[in-house]
Amino acid sequence: MGGKVRDVISTGFSQCGYHNIENELVFHSNPGFIFHDSCGFESGSIAEFEDMKTFVAGCSIATKL
């Protein structure tokens, strides 16, 4: 317990894959909770943030999701 972690850089986490916020994931175990595939914007670009704002604004006025 509490062993030393090796100093290794994982290349799997150094780059993001392709994401599209329009893609949704719905789980049969909880169909009321919908995930959207987004790169995120905590350290992303202005374009990613604008995509998210456009998506949320569109969903907020939608009458059918």
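This text follows the structure it describes.
Residues numbered from 1 in each chain as written. Predicted model: local features only at pLDDT ≥ 70, side-chain atom pairs only at ≥ 80, totals over all residues. Heavy atoms only, no water.

Pairing analysis gives 4 bridges linking strand S1 (residues 24-27) to strand S2 (residues 30-36), with the strands arranged antiparallel. In the sheet register, glutamate 24 faces S2, and the bridge partner there is histidine 36. Linkage of S1 to S2, two consecutive antiparallel strands, is achieved through a turn of 2 residues. (Pairing = 2+ DSSP bridges. Helix = DSSP H or I, 4+ residues; strand = E, 2+ residues; numbered from the N terminus.)

What follows deals with the packing of aromatic side chains. Going through the model one piece at a time under the given rule, you end up with 2 aromatic pairs. Taken together, a centroid distance of 5.5 Å and an interplanar angle of 90° make the contact between phenylalanine 27 and phenylalanine 35 edge-to-face. When the centroid spacing of 4.8 Å and the interplanar angle of 75° are considered together, the rings of phenylalanine 33 and phenylalanine 35 count as edge-to-face. The exposure class of phenylalanine 33 is partly exposed, given its relative accessible area of 46%. (Phe/Tyr/Trp six-rings, centres within 6.5 Å; stacked < 30°, edge-to-face > 60°. Buried < 20%, exposed > 50% of the residue type's maximum accessible area, 1.4 Å probe, protein only.)

Right, let's talk about the environment of leucine 25 for a bit. Inspection of the secondary structure puts leucine 25 in strand S1. It is 7.6 Å that separates the C-alpha atoms of leucine 25 and aspartate 37, two residues lying 12 residues apart in sequence. With residues near it in sequence (within four places) discarded, leucine 25 still touches Phe33, Ile34 and Phe35. (Contact = heavy atoms within 4.5 Å.)

Before going further, it helps to spend a moment on a nonpolar patch on the surface. Judged by side-chain polarity, Leu25, Phe27, Phe33 and Phe35 come together as a nonpolar surface patch covering roughly 390 Å² of accessible area. Looking at the nonpolar patch, the elements that each hand over two or more residues are S1 and S2. Looking at where phenylalanine 27 falls in the secondary structure, it is placed in strand S1. (Patch = residues over 30% accessible without salt bridge, like charges linked within 9 Å, V, L, I, M, F, W, Y side chains within 5 Å. Areas by Shrake-Rupley, 256 points an atom, 1.4 Å probe, with all protein chains shown as cover. Salt bridge = Lys/Arg side-chain N within 4 Å of Asp/Glu carboxyl O.)

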